[in-house]
Amino acid sequence: MNNTIKLCAAAILSSVVFTSAAAYGASPAADGLKGANNQILLDITTAAGNGTLGSQNGAALSTTFRSPSGVAVAPDGSVLIADTRNQMIRKLAGGQVSTYAGVLFKKDVKGFPVGAMLDGEASLSMFQEPMGMAFDSKGNLYIADSANHAIRKVDASTQQVSTLAGSGLLGSKDGTGKSASFQQPSDVAVAADGTVYVADTLNHLIRSISPAGVVTTLNAASNRVVEVSPGQVSTAGDFADGSLAAAKFNEPSGLVLDAKGNLYVSDSGNQRIRYIDLQQGQVTTVAGGGTANAKKELYVPGDYADGNAAEARFNFPMGLELTAEGGLVIADSQNHSIRYLLNGKVTTLAGAANQTPGKQDGTESGAEFQRPTDVAVLQDGSIMVADAFNNQLRQLSLYQLPADLPKDDHVKVVLGPKPIAFDAQPEIVGGRTMVPVRAITEALGYKVTYDDANRAVQLSKDGVTVELYIDRTGVKRIEQGKVAEIKETDAEPYIKEDRTYVPVRFFAEEIGLDVQWNDSARTAILRPKTTETK
């Protein structure tokens, strides 16, 4: 029972790293437009997978996966996917998904692909729950073959799969090549000198593999024992910063090397992001915190908080990646969110506190994920997410204002990527953006009617009517079968030169749009909070 709990946790959560920090493309903080509370504006879309279980190749949005748990960007810009429960490595390139390595040779009685361990030609090789991946400088791919307790390699020139280290049997032994052993390794990172670092998850260790294949344990093993139920005990990870030789981890599952050649680690069971200074031999905590009951809890309880890194909180952080500006992207798996550590502060890129699992595309606060387990930065700076329990790849892209938007001091309004044309100039009154009602409603597909008796403007679509009042505050949403209530507002619609002006924020928010103001462009930005995959 105890081992089952731990093995399941490791099997469904993974992370992936590219060899080094991305040195190209846009960066979230430096290049992104900011909205309220300095939130970076993003568009979240589905890059591959229709969400159902399967192993179908083809056009990206029609393909199927089984718990894709790792992503890595190849030197040519294509995306490699550790399709964990399909026991394969898949490839996304040019809008098509294909098989890169591994073969589906049989299924179990429940219809799930069975894993195995076999080296040789990539198209005939076999894996068992592959997870984290990383490329070296020559384009060779290294894979944490988790349930085979081994580190595998796909040679870039020959497309041959070999076993770098591990025998296929679980254990915790240093040695050379197949004489070494691991327990559910979840991720790898490759240094410039060819050293491969391994997050040996259920051994609670960070291991290194030299170019000659020699496996070395870098930190101290945990000897903590937890009583998970009365009379039933299990081994568990532990926590200690300080000297690397004495440092302790609790199910480390994500790795990425920075420009200095040092390691960031997702210390999942401790709900922390740790940093290993390999030159100095020191381990520190750079974000997260909390305390576990030493004798009763396997893990530090998960939580959610943005802010100063020491006060930030995570819930099983997994995959890591560095951006061109040196920020750390974090797949906060059980918070179903993507977080960002930069300059000692943690913010949320996509998701929110108390986020429930879901699969909607949309804005940074409207989109939903279900156990995102890994992240990778693409060549244009956008972020690819392995959304494991949605069986999809999702993409976070910086929102861009329309290229043809006039660069002047006039007030402008855009709907997603398109500017809205007005026959009269929008204006700022009392700090609110006021727009001619007919143009905005036509752009959104709403019908405008007027109730002269109540001096009301009624905006209707799909059985919903939003009512605002001339020279009075307040907005009412009228929907059949629901009690209509007036919400307070601080701006009044008015008539000017035979045109009715309404406060765009209150109307747009009432119909479910996200509304942001970009001061430098003098532009109100309207976007659907959630969108359908196309």
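No experiment lies behind these values; they were computed from the predicted model shown.

1. Describing the pattern of salt bridges
Oppositely charged side chains can form a pair if their charged atoms are brought close together. Inspection of every chain in the model, using the stated rule, returns 25 salt bridges. Among the ionic pairs, Asp387 bridges to Arg394, the shortest N-O distance being 2.8 Å. When its relative accessible area of 0% is taken as the criterion, Asp387 is described as buried. Take Arg394: its relative accessible area is 0%, and that puts it in the buried class. Beyond isolated ion pairs, a larger network of salt bridges with shared partners links Asp43, Glu364, Asp514 and Arg527.

2. Digging into the domain arrangement of the protein
If you check the domain split of the protein, you get domain 1 (30-47 + 55-398) and domain 2 (412-531). A straight line from the C-alpha centre of domain 1 to that of domain 2 covers 44 Å. Residue-level contacts link 15 residues of domain 1 with 10 residues of domain 2. Buried area between domain 1 and domain 2, both sides added, is near 860 Å², and the carbon and sulfur share of it is 46%. Our count for the domain 1 to domain 2 interface comes out at 2 salt bridges. As a salt-bridge pair, Glu364 and Arg527 come within 3.0 Å of each other at their nearest N and O atoms. Our enumeration of links across domain 1 and domain 2 arrives at 6 residue pairs in polar contact (both at pLDDT 80 or more). The set of elements that each furnish at least two residues to the side of domain 1 that touches domain 2 consists of β1 (42-48) and β29 (361-363). For the side of domain 1 that touches domain 2, the leading source of residues is β29, giving 3 residues. Split into classes, the residues belonging to the side of domain 1 that touches domain 2 amount to 5 nonpolar, 6 polar and 4 charged.

3. Observations regarding the packing of aromatic side chains
Evaluated as defined, the whole model comprises 4 aromatic pairs. An angle of 85° between the planes, with centres 5.1 Å apart, marks the rings of Tyr299 and Phe316 as edge-to-face. Placement of the pair is Tyr299 in the loop between β23 (282-288) and β24 (307-308) and Phe316 in the loop between β24 and β25 (317-322), with a sequence separation of 17 residues. For the pair Tyr446 and Phe507, a centre-to-centre distance of 5.6 Å together with 85° between the ring planes defines the contact as edge-to-face.

4. Section: the pairing of β23
Where strand β19 (residues 242-243) lies against β23, 2 bridges are found, and the strand directions are antiparallel. Bridge pairing in β23 places Gly242 opposite Val283. Sheet topology places strand β22 (residues 272-277) next to β23; 6 bridges connect them, and they run antiparallel. Bridging across to β23, Ile273 finds its partner in Ala287. Hairpin connection between β22 and β23: a loop of 4 residues separates the two successive antiparallel strands, and Gly281 in this loop has a positive phi of roughly 65°.

5. A word on the sheet that holds strand β9 (residues 141-145)
Sheets are built from strands paired through backbone hydrogen bonds, the pairs being either parallel or antiparallel. Within the open sheet, the 5 strands sit side by side as β7-β11-β10-β9-β8. Their pairing is antiparallel. The open sheet has two free edges, formed respectively by β7 (120-121) and β8 (130-135), since each of these has just one partner strand. The sheet contact formed by β9 and strand β10 (residues 150-154) spans 5 bridges and is antiparallel. The residue bridging Leu141 from the neighbouring strand is Val154, located in β10.

6. What about the side chain of Glu467?
Here Glu467 shows up in strand β39 (residues 464-469). Although Glu467 lies buried, it forms no salt bridge, and the closest oppositely charged side chain, Lys476, sits 4.1 Å away as judged by the N-O distance. Side-chain polar atoms of Glu467 contact the side chain of Gln458, separated by 2.6 Å.

7. Points about unusual backbone geometry
A negative phi angle is the norm for most residues apart from glycine, just as the trans form is the norm for most peptide bonds. For Asp462, which is not glycine, the phi torsion reads 50° and is therefore positive. Take Asp462: it is sitting in the loop between β38 (456-461) and β39. Positive phi is not limited to glycine here, since Glu497 has a value of about 50°. By the secondary structure assignment, Glu497 is in the loop between β42 (494-496) and β43 (499-503).

8. Details of the side chain of Asp258
Its location among the elements puts Asp258 in the loop between β20 (252-257) and β21 (263-267). Here Asp258 is buried and forms no salt bridge, its nearest opposite-charge partner Lys260 lying at an N-O distance of 5.9 Å. There is a polar contact of 2.6 Å between the side chain of Asp258 and the side chain of Tyr275.

9. Points about the sheet that holds β43
Strand order in the open sheet formed by 4 strands is β35-β36-β43-β42, with antiparallel pairing between adjacent strands. Strand pairing shows two members of the sheet lacking a second neighbour, β35 (427-429) and β42, which therefore form its edges. Averaged over neighbouring strand pairs, the angle between their axes works out to 40° when direction is ignored. Taken together, the 3 bridges between β35 and strand β36 (residues 432-436) define a ladder with antiparallel strand orientation. Bridging across to β36, Glu427 finds its partner in Met434.

10. As for the nonpolar core
Counting residues in hydrophobic clusters, the biggest one holds 23 residues, and the most contacted among them are Val413, Ile440, Leu444, Leu459, Phe507, Ile511 and Leu526. When contributions to this core are tallied by element, the ones reaching two or more residues are α3 (437-444), β38, β39, α4 (504-510), β44 (513-518) and β45 (523-528). Filtering out sequence-adjacent residues up to four positions away, Ile511 remains in contact with Leu444, Tyr446, Val466 and Arg477. Leu42, Val329, Tyr340 and Leu398 belong to the second largest nonpolar core, which has 18 residues in total.

11. Points about empty space enclosed by the protein
This model, assessed by the stated rule, comprises 1 cavity of 30 Å³ or more. Lining the largest cavity are Pro28, Leu42, Gly381, Ser382, Ile383, Leu396, Ser397 and Leu398. Considering each element in turn, the lining of the largest cavity owes the most residues, 3 residues, to strand β32 (residues 392-398). In the lining of the largest cavity, the residues fall into 5 nonpolar, 3 polar and no charged.

12. A few points about the layout of surface pockets
Within this model, the largest pocket holds a volume of roughly 360 Å³. Around the largest pocket, the lining is made up of 20 residues, and of these Asn37, Asn38, Gln39, Ile40 and Thr347 lie nearest the centre. Elements represented by at least two residues in the lining of the largest pocket include exactly β27 (337-342) and β28 (345-350). Split into classes, the residues belonging to the lining of the largest pocket amount to 7 nonpolar, 9 polar and 4 charged.

Parameters and conventions
- Sequence order as written defines residue numbering, which begins from 1 separately in each chain.
- With pLDDT at 70 or above as the cut-off, local features in this predicted model cover only qualifying residues; side-chain atom pairs require 80 or more to be listed or tallied, and sums for whole chains, interfaces and linings still use all residues.
- Here the side-chain values reflect all heavy atoms present in the structure, with hydrogen atoms and water set aside.
- When a carboxyl oxygen of Asp or Glu is within 4 Å of a side-chain nitrogen of Lys or Arg, the pair counts as a salt bridge.
- Note on classification: 1.4 Å probe, protein chains only; a residue is buried when its accessible area is under 20% of the maximum for its type, exposed when over 50%, partly exposed between these limits.
- Start and end positions for the domains come from either an automated domain assignment or a database one.
- Between two residues, a contact is recorded if the distance between any of their heavy atoms is within 4.5 Å.
- Buried area: the accessible surface (1.4 Å probe) lost by two parts on joining, summed over both.
- In protein, a polar contact means a hydrogen-donor-capable atom and an acceptor-capable atom, both N or O and within 3.5 Å, with residues adjacent in sequence counting only if both atoms are side-chain atoms; elsewhere, any N or O pair within 3.5 Å suffices.
- Going along the chain from the N terminus, every DSSP run of H or I of four or more residues is numbered as a helix, and every run of E of two or more is numbered as a strand.
- Each residue is assigned to one of three groups, with Ala, Val, Leu, Ile, Met, Phe, Trp, Tyr, Cys and Pro labelled nonpolar, Asp, Glu, Lys and Arg labelled charged, and all others, Gly among them, labelled polar.
- For this analysis, a ring pair means two rings from Phe, Tyr or Trp (six-membered ring only for Trp) whose centres lie within 6.5 Å, classed as stacked if their planes differ by under 30 degrees, edge-to-face if by over 60, and tilted for the remaining angles.
- Strands were regarded as paired on the criterion that DSSP finds at least two bridges between them.
- His is not counted, nor are the chain ends; Lys and Arg add positive charge and Asp and Glu add negative charge.
- Lines fitted to C-alpha atoms define the axes, with helix axes restricted to the stretch in contact, and inter-axis angles between N-to-C directions lie between 0 and 180 degrees.
- Note on terminology: a nonpolar core comprises buried Ala, Val, Leu, Ile, Met, Phe, Trp, Tyr and Cys residues joined through side-chain atoms within 4.5 Å.
- The distinction between a cavity and a pocket rests on a 1 Å grid over the protein atoms alone: a 1.4 Å probe fits inside a cavity but cannot get out, while a pocket stays open yet meets protein on both sides within 12 Å along at least five of seven lines, and a residue with an atom within 4 Å of a point counts as lining.
- Grid points are joined across faces, edges and corners, and a volume is the space filled by probe spheres set on the points.

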